[in-house]
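Structure at a glance
Given next are the chains, with one letter for each unit.
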Amino acid sequence: MKRVKRRYLALQLDSEGLPSEKEFMDAVWGAVSKLYGEVGASLTGLALINFEAERKVVVVRTSLVTLDMVRASLASITSLAGVDASVHVLAVSGTIKALVRKL
Amino acid sequence: MTRAFADLHLRVNPKDQHAAQRLITKASKLGYRTISIPFTYPVKEEDAAKLKKMCSEAELDFVTRADVKPRNENELTSFLRKFRRKFEVICVVCDSKEVARQAAKDRRVDLLNFPSLDYHKRFFDRAEAELASNSLAALEIDVKLLLALEGPARIRLLSSLRREAAIAKEFDVPLVVSSGASEERFMRMPKDMASLTYLFGLNEASALKTVSANVIAIVERNREKLSERFVAPGISIVKEGTDP
């Protein structure tokens, strides 16, 4: 089986409040499935890697082939846990080590 | 060389200094280098000067832009005659086919904006694109609607945008993507804004151009035209001699 190439995204949460990990991932899944449907969302292989509440920096993982879909979906988020918010992509990398170096 | 990003459509009342300041600060934080807040006429020079000062404090380049929503051809040409040389960018908000066609063929127009959600009132078809291509006008798309709408309305909008983007590509009409934001929550980082264009069929290279090269090209071209040294496209005064 061919190895799945992945990409790690460092995200900055821009909101008044601080959502929980679950609320954040619900919003991401919601945005992806709204734009690409449940089949599309299932292809992304999205996973939460790290949630740094203090700096509001989150790291998520997705497959390389669906990176564009995930980026567009993240940009379309306008609220997190009922509070106005936006999610900015700070960096994208193939490994967590390189991602941390970019931040 | 780092790419310079621009957002030419921050929709805030230029007289509302506090709101303008908030959006300018946010734009600077998000990584933009050039921004514009559109004016509607009559324009007060002092408002423009204040905005320019705010932008220079935030290390941003401020572009003067006028938005016009004419009712007919005559109103458009009269506006252009009066205001073309006062603004660096002119955008025509096309609400009728007559205005859309005239705007697309007039070389003094830089941006064509179609705000309507109604498929029948978006006049960017092949004929419009051909005219726009000859007159170097660009098609402006505001991403705010993509963020604010949901469900069937967004589906219809995406369908229209996909069709328009394909026509623009076929006729080499540059696309310009702007935020159209009146609040900070609708502002996105330039690359995030570009990534929203994937939704209507653009690839990464063209998406990035819509928030950088395409916009900067319009601003630079017009600044050159408005400079005192400009004679004609490609000809400018480099040195003035004196009589012996």
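Note that the structure is a prediction, hence the values are computed from the model and not measured. (Residues numbered from 1 in each chain as written. Chains lettered and ligands numbered in written order. Predicted model: local features only at pLDDT ≥ 70, side-chain atom pairs only at ≥ 80, totals over all residues. Heavy atoms only, no water.)

Regarding the packing of helix α4 (residues 97–105) of chain B against helix α5 (residues 126–135) of chain B
Residues and elements named next belong to chain B. Put simply, α4 and α5 touch, their axes get as near as 7 Å, and they point 30 degrees apart. Between α4 and α5, the crossing angle belongs to the class labelled roughly parallel. On α5, the residues that touch Ala 100, Arg 101, Ala 104 and Lys 105 of α4 are Ala 127, Glu 128, Leu 131, Ala 132 and Ser 135. In the contact of α4 with α5, the residues fall into 5 nonpolar, 1 polar and 3 charged. (Axes fitted to C-alpha atoms, helices over the stretch in contact; angles between N-to-C directions. Helix = DSSP H or I, 4+ residues; strand = E, 2+ residues; numbered from the N terminus. Parallel < 35°, antiparallel > 145°, perpendicular 65-115°, else oblique. Contact = heavy atoms within 4.5 Å. Nonpolar A, V, L, I, M, F, W, Y, C, P; charged D, E, K, R; others polar.)

Section: the confidence of the model for chain B
All names here are of chain B. Mean pLDDT over chain B works out to 90, with 98% of the residues at or above the 70 mark. Element-level mean pLDDT values for chain B span from 82 in strand β8 (residues 230–232) up to 95 in strand β7 (residues 175–178). Reported confidences for the modelled complex are a pTM of 0.89 and an ipTM of 0.89. (pLDDT = per-residue confidence, 0-100.)

Notes on the sheet that holds strand β6 (residues 138–142) of chain B
Residue and element names in this part refer to chain B. Read from one edge of the open sheet, 7 strands run β1-β2-β3-β4-β5-β6-β7, paired in parallel fashion. The outermost strands of the open sheet, each flanked by one partner alone, are β1 (6–7) and β7. With 6 bridges joining them, strand β2 (residues 34–39) and strand β3 (residues 61–68) adopt parallel strand pairing. Paired with Ile 37 across the bridge in β3 is Thr 64. (Pairing = 2+ DSSP bridges.)

What to know about the pattern of salt bridges
Residue and element names in this part refer to chain B. Throughout the structure, instances matching the rule amount to 21 salt bridges over all chains. Here Arg 71 and Glu 75 are joined by a salt bridge, their closest N and O atoms 3.1 Å apart. The exposure class assigned to Glu 75 is partly exposed, which follows from its relative accessible area of 22%. In this structure, the salt-bridge partner of Arg 185 is Glu 183, at a minimum N-O distance of 2.9 Å. (Salt bridge = Lys/Arg side-chain N within 4 Å of Asp/Glu carboxyl O. Buried < 20%, exposed > 50% of the residue type's maximum accessible area, 1.4 Å probe, protein only.)

Describing the interface of chain B and chain A
Chain B puts 16 residues into the contact, and the matching count from chain A is 18 residues. Overall, the association of chain B and chain A removes approximately 1500 Å² of surface from exposure, summing both partners, and the carbon and sulfur fraction of that is 54%. If you look at where chain B meets chain A, you find 4 salt bridges. In this structure, B:Lys26 engages A:Asp14 in a salt bridge whose closest nitrogen and oxygen atoms are separated by 2.1 Å. Inspection of the chain B/chain A interface yields 6 residue pairs in polar contact (both at pLDDT 80 or more). At 3 residues, helix α8 (residues 190–195) of chain B tops the list of elements feeding residues into the side of chain B that touches chain A. (Buried area = accessible area lost by both parts, 1.4 Å probe. Polar contact = N/O pair within 3.5 Å; in protein donor to acceptor, adjacent residues only side chain to side chain.)

So, the sheet that holds strand β5 (residues 83–93) of chain A
All names here are of chain A. Pairing is antiparallel across the open sheet formed by 5 strands, whose spatial order is β2-β3-β1-β5-β4. Two strands close off the open sheet at either side, each with one partner strand: β2 (47–52) and β4 (79–80). Judged from the 8 bridges that link them, strand β1 (residues 6–15) and β5 form a sheet pairing that is antiparallel. The residue bridging Tyr 8 from the neighbouring strand is Ser 93, located in β5.

Notes on the packing of aromatic side chains
Inspection of every chain in the model, using the stated rule, returns 5 aromatic pairs over all chains. With 6.2 Å between their ring centres and 55 degrees between their planes, A:Phe24 and A:Phe51 make a pair best called tilted. Of the two residues, A:Phe24 is situated in helix α1 (residues 21–44) and A:Phe51 in strand β2; the sequence distance between them amounts to 27 residues. Just as A:Phe24 is buried, A:Phe51 falls in that class too. Between B:Phe114 and B:Phe124, the aromatic rings sit 6.1 Å apart at their centres with planes inclined by 65 degrees, giving edge-to-face as the arrangement. You can see B:Phe114 sitting in the loop between β5 (111–113) and α5 and its partner B:Phe124 sitting in the loop between β5 and α5, a full 10 residues away along the chain. The exposure class assigned to B:Phe114 is buried, which follows from its relative accessible area of 4%. Clustering of aromatic rings is evident, with ring pairs tying together B:Phe39, B:Phe79, B:Phe83 and B:Phe87. (Phe/Tyr/Trp six-rings, centres within 6.5 Å; stacked < 30°, edge-to-face > 60°.)

Remarks on helix α2 (residues 45–57) of chain B
Residue and element names in this part refer to chain B. Helix length check: α2 (13 residues) gives 19 Å between terminal C-alpha atoms against 18 Å at 1.5 Å per residue, within 8%. Burial in α2 covers these residues: Asp 47, Ala 48, Leu 51, Met 54 and Cys 55. Projected down its long axis, α2 carries its buried residues within an arc of 125 degrees, all on one side. Residues of α2 that are exposed and point over 90 degrees away from its buried face: Glu 45, Glu 46, Lys 53 and Glu 57. At its buried positions, α2 is contacted by α1 (17–30), β2 and β3. One or two positions beyond α2, positive phi appears at Glu 59, with a value near 55 degrees. (Expected span 1.5 Å × (residues − 1). Arc of directions from axis to C-beta.)

Things to note about a nonpolar patch on the surface
A cluster of nonpolar side chains, namely A:Ile49, A:Ile96 and A:Val100, defines an oily patch on the protein surface of about 230 Å² accessible area. With respect to the helices, strands and loops of the structure, A:Ile96 is situated in helix α3 (residues 96–102). (Patch = residues over 30% accessible without salt bridge, like charges linked within 9 Å, V, L, I, M, F, W, Y side chains within 5 Å. Areas by Shrake-Rupley, 256 points an atom, 1.4 Å probe, with all protein chains shown as cover.)

Section: the nonpolar core
One finds B:Ile24, B:Ile35 and B:Leu112 to be the most contacted residues of the largest nonpolar core, which totals 75 residues. Beyond its immediate chain neighbours, meaning those up to four positions away, B:Ile24 contacts B:Ile35, B:Ile37, B:Leu51, B:Met54, B:Cys55, B:Ala58 and B:Leu60. One finds A:Leu11, A:Met25, A:Ala27 and A:Ala41 within the second-largest nonpolar core, a separate group that totals 23 residues. (Core = buried A, V, L, I, M, F, W, Y, C linked by side-chain atoms within 4.5 Å.)

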